[in-house]
Amino acid sequence: MIGKGLMGAIAIGVLLGGCQSAMNRLDPPAVARPEENGVAVDIAVAALGQLDGETTFTGTTRPYRDVMVRSQVEGQVVRLGVDVGDRVRAGQVLAEVDPIVLKTAVFEAEAELAARRNEVIQAQAAVNRARTAVEEARLLLQQAESDAQRLETLLQDGAVSAQAAEQARTAAQTARQVLRSRQAEVITAQQGVAVAQGRVQAQTAFVQQAQARLSYALLRSPLNGIVLERLTEVGNLLQPGGEALRLGDLQQLRVIVEVSEQELGRLAPGQEATLTFDAVPNRTYKGRISRISLAAADARLIPVEILIDNRDERLGSGLLARVTFSAANAPRLLISETALAGAEEGRLSSREGTVFVVVGDRVVERQVQLGQRRQGKVEILRGLAVGDRYVVRSGRPLQDGDKIRPSILSRSPQ
């Protein structure tokens, strides 16, 4: 009985082993998962190209020269001979303020100048009198020295007394002292002349200043142009610095547009631009960039100035201008916009982005600076080089260091 039970167990084990072997033969072979071979991606090569199309900006016209005519003196406006739109010439009298007070100041300054000049005359007369006195003292000294010498000779001969000779010597010494005193008076009188002449020069400057202020009563045009604004009327009192008229030179116009940092890279002084105006339909103007500001305005926009010719003066100040800059001829480094991380979700930044660069069979996350965008292309300003391979699309979101494999589309031209 025991032998039959053992034989039955062995038979059951052999049967189970055979069934397991048969089941193993029916199982399919194991297949590697796609993630193990890498994420399927579309790959392209960064290359140089050109962004097609043009960009149009709006700007405002301004005179080539814009001048505010201001009063330099205080006074009431007694004449205002021009109005808005009138043409003016350089040097033309535009307005006048009451000159009575200014004329009075000129008369007073001139009268004071005459008094100062009379002082000079008197000082010069004093010099002449002092010089005459010097000559008289010199003659007296000569006579006294001659008398002293003659008496000294007579004293030696015993013809005169010693007292008389001593008196003659004393008279000669006195004459010398008088001469020195008269010469000092000449120097003092000459110094008086110099002081008086200095006063004349100072007063002459006051007279010129008063005359200049009188000339300021006439407000003259500093340029050839047109009256843009009339800011006062006859009878108004103007203070120094008070605005009277605003003039503009419209032979040339300045058009100011504001461009973004991305557009700034393709603009340069001297570059041509095409302008149109609603005020002059069916006509285009050609201009050139004259200046690009180094300081950004609000919203980080950079003012760019364009000069246009306006000799017929069809255009005025303050008009809306539409400015078009032709596309730059220099090639740019371009990639597909879909290569930027977040493109599908619409989370793209205007200035920076992330691109996955292919290195071997893996990707490296790289930050790039973005430029202009058109027709699905974006300009790369920094962070990528010509010839770099980058991921255009991927089967799933990528991370730095992910293993990838090129898709079939990667072998077709991008």
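Residues numbered from 1 in each chain as written. Predicted model: local features only at pLDDT ≥ 70, side-chain atom pairs only at ≥ 80, totals over all residues. Heavy atoms only, no water.

1. Here we look at the pairing of strand β14 (residues 320-325)
Step number 1: Bridge analysis of strand β3 (residues 55-70) against β14 gives six bridges, and the strand direction is antiparallel. By the bridge assignment for β14, T56 is matched with T324. (Pairing = 2+ DSSP bridges. Helix = DSSP H or I, 4+ residues; strand = E, 2+ residues; numbered from the N terminus.)

2. Observations regarding the nonpolar core
Step number 1: Within the largest apolar cluster, 23 residues are counted, with the highest numbers of intra-cluster contacts made by V257, L275, I306, V323 and F325.
Step number 2: Among the elements of the structure, β10 (243-259), β11 (272-277), β12 (280-292), β13 (302-309) and β14 are those that each provide at least two residues to this core.
Step number 3: The element best represented in this core is β10, accounting for five residues.
Step number 4: For V257, the residues in contact, after removing those within four places along its chain, are F57, T58, G59, I302, P303, V304, I306, V323 and F325.
Step number 5: The next biggest cluster of nonpolar side chains, apart from the first, holds 18 residues, and it includes V73, L94, L102 and L223. (Core = buried A, V, L, I, M, F, W, Y, C linked by side-chain atoms within 4.5 Å. Buried < 20%, exposed > 50% of the residue type's maximum accessible area, 1.4 Å probe, protein only. Contact = heavy atoms within 4.5 Å.)

3. Brief notes about the pattern of salt bridges
Step number 1: Using the criterion set out here, one finds 25 salt bridges in the structure.
Step number 2: A salt bridge links R116 to E112; the shortest N-O distance between them is 3.0 Å. Linking R116 with E112, this pair stays in helix α3 (residues 100-157), spanning four residues, or about one helical turn.
Step number 3: Ionic pairing is found between D309 and R311, a salt bridge with its closest N-O pair at 3.1 Å. (Salt bridge = Lys/Arg side-chain N within 4 Å of Asp/Glu carboxyl O.)

4. Here we look at unusual backbone geometry
Step number 1: Even without being a glycine, N282 presents a positive backbone phi close to 60 degrees.
Step number 2: As for its position among the elements, N282 is in strand β12.
Step number 3: Phi angles above zero are rare outside glycine, and E313 is one such case at about 55 degrees.
Step number 4: Along the polypeptide, E313 turns up in the loop between β13 and β14.

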